[in-house]
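In case you want the letters, here they are:
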Amino acid sequence: VRNDNNTDSYGVQGAFSRPLSETWTFSLTAGIERNDYRFIADDGSLVDNASADFTFLTGFERAGERTQWRIEAGRLVTPNSTGFRSTRNQLRGFVQHEITPRLRMSGGLRFSRLTGIEQQELAGDRDYSRATLEVEWDLSPRWSLTSGYDWVARGDGEVTSNSIAVGIRYRGLQRLSLIHI
């Protein structure tokens, strides 16, 4: 199948975060995305259209003395593997635990459903599950060694991916960011 797909996207989003207590925080990120797209349909006709899509991500975070928990739910608009737009409805959780002042372990789970917006027969609906585990050891305040495992499975369980990564991480100065790209 030939993919003559041309999409221009732009949008704006804002974020809000509010402490609920000394340990709990609520966050909400919401925005709107405008997509101008053009492609040739299966029947050979030209599809030239535009749409505006709402996106959001909301969640709760609990920060303890040595452990941080976060759970989020959201809806994003992203390209799928064929280049067409799809909605990604997702639920994800994350935990990070400080074993020692220099050694941390983190893990996460994500469940998502991708739904094609245009050209349904190419995109379809797909469910994905993902699990990650990472260990990080600080060499200095800015440098650390990392190792991790990542597992991804498509909803039907017939397609899975496993990866192991080892690396060095640099953390530069943290700055206030008003624009999220």
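Preceding this paragraph is the structure being described.
Residues numbered from 1 in each chain as written. Predicted model: local features only at pLDDT ≥ 70, side-chain atom pairs only at ≥ 80, totals over all residues. Heavy atoms only, no water.

1. Overview of the overall build of the chain
Secondary structure assignment for the chain yields one helix and nine strands. Tracing the chain from N to C terminus, the helices and strands come up as β-β-β-β-β-β-α-β-β-β. Buried residues in the chain amount to 21% of all 181 residues. Long-range pairs, those at least 24 residues apart, make up 41% of the contacts in the chain with a sequence separation of at least 6. (Helix = DSSP H or I, 4+ residues; strand = E, 2+ residues; numbered from the N terminus. Buried < 20%, exposed > 50% of the residue type's maximum accessible area, 1.4 Å probe, protein only. Contact = heavy atoms within 4.5 Å.)

2. As for the environment of Ala41
With respect to the helices, strands and loops of the structure, Ala41 is situated in the loop between strand S2 (24-40) and strand S3 (46-63). The buried category is assigned to Ala41, whose relative accessible area is 18%. Each C-alpha atom, one on Ala41 and one on Asn5, is 9.6 Å from the other, the two residues being 36 residues apart in sequence.

Keep in mind that these numbers describe shape and distance, not what the molecule does.
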